[in-house]
Amino acid sequence: MTAESVEEPTGTRRRIHPAWIVALVALIALIGAAGFRAAPGVLMLPLQEEFGWTTAELSLAVTVNLLLFGLTAPFAAALMQRFGIRAVTVTALLVIGAGSALSVFVATPAQLILTWGVLIGLGTGSMALVFAATITDTWFATRRGLVSGVLTAGSATGQLIFLPVIAATAEGVGWRAASLIIAGGALAVVPLVWIFLRNRPADLGVGRYGETAPVAASAPAPRGSAWGAARLALTTLRDAARTKTFWALAIGFAICGATTNGLIGTHFIPSAHDHGMPTTTAAGLLAVVGVFDIAGTVLSGWLTDRVNPRILLAAYYALRGVSLLFLPSLLSASVQPSIVVFIVIYGLDWVATVPPTIALCREVFGERGPLVFGWVFAAHQVGAGIASVLAGMVRDHTGQYTIAWFAAAGLCAVAALVSGTIRRHPTPAPDPVTVDTTP
């Protein structure tokens, strides 16, 4: 990230604008919260071996997680306006840590749903990509595409860090130790967030990065009731749902979720194992997705500042669909150059869709952009949840995932078409409704 000196109210100069410090802390928080995103694909096989649960039963816990991961996001964005970014983020990290730690005691699928699904779903939902959108819009007036791309890459970085460790631990020590590693990763970030993350530029007497207008040294803190925050999220959905653009973004992002978290993230390792590939090898390939995801998402953020985001979205979905068409023929017991090519392409494309989607939400809905993106992201996770359980059912009934891969490729073609036809909106929508200040 680029640094730039800013003038303090006292006349002294600060070498780095505080927005970059906040962005760095947010990035670390996203990395710490990303452990569970890497876990299901690795831990499904050990859980099946110990408890004899079916793929569909395990996928149901993942589906609950994915759904709550998305549905919590818009309310988390509103709660950040009510209670502040720092308080919501710390609470989310604590809930993720609790869910991961308690999962070591599960003995039934229902208990797994409660820990993997409900607790971790709520925690990660509050640390979802809407968190990146909120940080970007709150602290940056320029470089928004780049910043949103870097923050989005935080989840991929977390996957890169956690996935090989979780896979090796699950195989060498056991899945319970792997769950405790996830809990430790989330909890380790809490002190850093509490000390360094600030809610608004006004807390430090500065403006957003890139703003030239003078800013008051202080501003009133966010106020309102929790119900007021929830009502803001719901009224934003009501208003956004009246536009065709919202539905185009939601449909595209639902397909995005289905083809990333829902399918590849959850079922790539079991599918590769079906073809004779060792679990640790498949986990290593999925970690490589995280490596290239970082590069792809940052590049996408840079391009979003310069290229029509509609064109970018259409291109990303089309490329993803073509890749999925070839996947069934690429899987084998060993790592071949062809599967490496697939991993590289899929990695570059994994969440490259996020920066242009955030940009379109901002373009169309103005200051309500982060909240609208929260609902679009909810659609992303609904798609992921449905795909996760349906792919598990396909595997249980056919013995393989081929139908799931081909169906996902067809959905990507739909997403490319829908995204490319989003019309331009030169004038942003009105500013958001004020959060209810009633105690």
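Please read these numbers as outputs of a predicted model, since none were measured by experiment.

> Can you break down the overall build of the protein chain residue by residue, with the values?
Helix and strand counts for the protein chain stand at 17 helices and two strands. Counting over 439 residues, the protein chain shows a buried share of 57%. Within the protein chain, contacts between residues separated by at least 24 positions form 82% of all contacts whose residues are at least 6 apart in sequence. With an accessible surface of roughly 16,800 Å², the protein chain has 68% of that area assigned to carbon and sulfur atoms.

> I'd like a description of helix H1 (residues 18–32), backed by residues and values.
Helix length check: H1 (15 residues) gives 21 Å between terminal C-alpha atoms against 21 Å at 1.5 Å per residue, within 8%. When you tally the buried positions in H1, you get twelve out of 15 residues, the bulk of the element. Those residues of H1 that sit buried are Pro18, Ala19, Trp20, Val22, Ala23, Val25, Ala26, Leu27, Ala29, Leu30, Ile31 and Gly32.

> Residue-level account of the side chain of threonine 260, with values.
Here threonine 260 lies in helix H11 (residues 244–274). For threonine 260, a relative accessible area of 0% corresponds to the buried category. Side-chain polar atoms of threonine 260 contact the side chain of asparagine 261, separated by 3.3 Å. Once residues within four sequence positions are removed from consideration, threonine 260 is found in contact with Gly265, Arg320, Trp350 and His380.

> Hey, could you go over the nonpolar core for me, with residue numbers and the actual values?
Ile264, Phe268 and Phe373 are the most contacted members of the largest nonpolar core, which totals 90 residues. When residues of this core are assigned to their parent elements, the largest contribution, twelve residues, is made by H11. If we ignore the near neighbours within four places in the chain, the residues touching phenylalanine 373 are Leu129, Val130, Ala133, Phe253, Val354, Thr357, Ile358 and Cys361. Core analysis: the second largest hydrophobic core is formed by 34 residues, Trp20, Leu93, Phe140 and Leu197 among them.

> So what about the packing of aromatic side chains? Which residues, and what values?
Overall, the coordinates contain 13 aromatic pairs when judged by the stated rule. A centroid spacing of 5.5 Å and a plane angle of 75 degrees characterise the contact between phenylalanine 75 and tryptophan 375, whose relative ring orientation is edge-to-face. Placement of the pair is phenylalanine 75 in helix H3 (residues 55–83) and tryptophan 375 in helix H16 (residues 369–398), with a sequence separation of 300 residues. Note on tyrosine 346 and tryptophan 350: the rings are 5.9 Å apart at their centroids and 65 degrees apart in plane angle, and the pair reads as edge-to-face. By way of ring pairs, the aromatic residues Phe69, Phe253, Phe373 and Phe377 are connected into one cluster. Note that arginine 86 overlies the ring of tryptophan 194, its terminal NZ or CZ placed 4.5 Å from the centroid.

> Outline helix H5 (residues 109–126), supporting the account with residue identities and numerical values.
Taking 1.5 Å of rise per residue, 18 residues should cover 26 Å, and H5 covers 24 Å from first to last C-alpha, within 8% of that figure. For H5, the principal kink sits at isoleucine 120 and spans about 35 degrees. Among the residues of H5, those classed as buried are Leu112, Thr115, Trp116, Gly117, Ile120, Gly121, Gly123, Thr124, Gly125 and Ser126.

> Before we move on, can you summarise unusual backbone geometry with the specific residues and values?
Within the chain, arginine 143 stands out as a residue other than glycine whose phi angle is a positive 60 degrees. Mapped onto the elements, arginine 143 comes out in the loop between helix H6 (129–139) and helix H7 (144–172).

> So what about the side chain of threonine 279? Which residues, and what values?
Inspection of the secondary structure assignment puts threonine 279 in helix H12 (residues 279–304). When residues no more than four places from it in sequence are discounted, the contact partners of threonine 279 are Leu45, Ile269 and His273.

> Report on the pattern of salt bridges, specifying residues and quantitative values.
Using the criterion set out here, one finds nine salt bridges in the structure. A salt bridge links aspartate 239 to arginine 238, with the nearest nitrogen and oxygen atoms 3.1 Å apart. One network of salt bridges, in which partners are shared, links Arg238, Asp239, Arg242 and Arg368.

> An account of the confidence of the model for the protein chain is requested, with residue identities and associated values reported.
Taken over all residues, the pLDDT of the protein chain has a mean of 83, while the share at 70 or more is 89%. Across the protein chain, element-level confidence peaks in helix H17 (residues 402–420) with a mean pLDDT of 95 and bottoms out in strand S1 (residues 6–7) with 46. Note that residues 1–12 has pLDDT below 50 and, in this model, 26 contacts with residues that lie over four places away or in other chains.

> Help me get a handle on a nonpolar patch on the surface, residues and values and all.
Together, Ile16, Ile21, Trp194, Ile195 and Phe196 line one region of the surface with nonpolar side chains, adding up to about 490 Å² of accessible area. Of the residues forming the nonpolar patch, the biggest block, three residues, is contributed by helix H9 (residues 190–196). Looking at the secondary structure, you find isoleucine 21 in helix H1. Judged by its relative accessible area of 39%, isoleucine 21 is partly exposed.

> Outline the environment of serine 103, listing residues and values.
Relative to the elements of secondary structure, serine 103 occurs in the loop between helix H4 (85–102) and H5. Sequence spacing of serine 103 and leucine 180 is 77 residues, and the spatial spacing of their C-alpha atoms is 8.7 Å. When near neighbours in sequence (up to four residues on either side) are disregarded, serine 103 contacts Thr115, Trp116, Trp175 and Ser179.

> Pulling in residues and values, what's your account of the environment of alanine 415?
As for its placement among the helices and strands, alanine 415 is situated in helix H17. Spatially, the C-alpha atom of alanine 415 lies 6.9 Å from that of isoleucine 251, the residues being 164 residues apart in sequence. Those residues in contact with alanine 415 that lie beyond four places of it in its chain are Gly252, Ile255 and Tyr317.

> So what about the environment of isoleucine 339? Which residues, and what values?
Structurally, isoleucine 339 can be placed in helix H14 (residues 337–349). With relative accessibility at 1%, the residue isoleucine 339 sits in the buried group. It is 8.8 Å that separates the C-alpha atoms of isoleucine 339 and leucine 285, two residues lying 54 residues apart in sequence. For isoleucine 339, the contacting residues outside a window of four places in its chain are Leu285, Leu327, Leu330 and Leu331.

> I'd love a proper account of the packing of H3 against H4, names of residues and values included.
In a packed pair of helices, the relevant descriptors are the angle between the two axes and the axis-to-axis distance. Between H3 and H4, the least distance of the axes is 7 Å, while the angle of their chain directions is 130 degrees. Considered as vectors, H3 and H4 are oriented oblique to each other. Contacts between H3 and H4 involve Ala76, Leu79, Met80 and Phe83 on the former and, on the latter, Ile85, Ala87 and Val88. Here the residues of the contact of H3 with H4 sort into seven nonpolar, no polar and no charged.

Conventions and cut-offs
- Once a new chain begins, its residue numbering starts again from 1 and follows that chain's sequence as written.
- Restriction of local features to residues with pLDDT of at least 70 applies here, the model being predicted, together with a cutoff of 80 or more for giving and counting side-chain atom pairs; totals for whole chains, interfaces and linings are based on all residues.
- The side-chain values count all of the structure's non-hydrogen atoms but skip hydrogen atoms and water molecules.
- Put simply, DSSP marks the helices as runs of H or I at least four residues long and the strands as runs of E at least two long, and each gets a number from the N terminus on.
- For every residue, the accessible area obtained with a 1.4 Å probe (protein chains only) is divided by the maximum for its type, and the residue is called buried under 20%, exposed over 50%, and partly exposed between those limits.
- Working rule for contacts: check all heavy atoms of both residues, and any pair within 4.5 Å makes them a contact.
- Methods summary: accessible areas were calculated by the Shrake-Rupley approach with a probe of 1.4 Å, and residue burial reflects only the protein chains presented.
- The span expected for a helix works out to 1.5 Å for each residue beyond the first.
- Think of a polar contact as two N or O atoms within 3.5 Å of one another; within protein, one of them needs to be a possible hydrogen donor and the other a possible acceptor, and neighboring residues in sequence only count if both atoms come from side chains.
- Side-chain atoms within 4.5 Å are what join buried Ala, Val, Leu, Ile, Met, Phe, Trp, Tyr and Cys residues into a set we call a nonpolar core.
- In summary, the pairing rule links any two rings of Phe, Tyr or Trp, Trp by its six-membered ring, whose centres are within 6.5 Å, and it sorts them by plane angle into stacked for under 30 degrees, edge-to-face for over 60 and tilted for everything else.
- Over a ring means this: the NZ of a Lys or the CZ of an Arg is within 6 Å of the ring centre and within 35 degrees of the ring normal.
- What the bend at a residue measures is the angle between two axes, fitted to the seven residues ending there and to the seven starting there.
- Salt bridges, as used here, are contacts in which a Lys or Arg side-chain nitrogen is within 4 Å of a carboxyl oxygen on Asp or Glu.
- Scored from 0 to 100, pLDDT reflects the predictor's confidence in each residue.
- Patches were defined on residues exceeding 30% relative accessible area and lacking a salt bridge, with like-charge contacts within 9 Å and nonpolar side-chain contacts (Val, Leu, Ile, Met, Phe, Trp, Tyr) within 5 Å.
- Lines fitted to C-alpha atoms define the axes, with helix axes restricted to the stretch in contact, and inter-axis angles between N-to-C directions lie between 0 and 180 degrees.
- Throughout this description, any angle smaller than 35 degrees is read as roughly parallel, any larger than 145 degrees as roughly antiparallel, any in the 65 to 115 degree range as roughly perpendicular, and the remainder as oblique.
- Residue polarity follows a fixed list, in which Ala, Val, Leu, Ile, Met, Phe, Trp, Tyr, Cys and Pro are nonpolar, Asp, Glu, Lys and Arg are charged, and the others, Gly among them, are polar.

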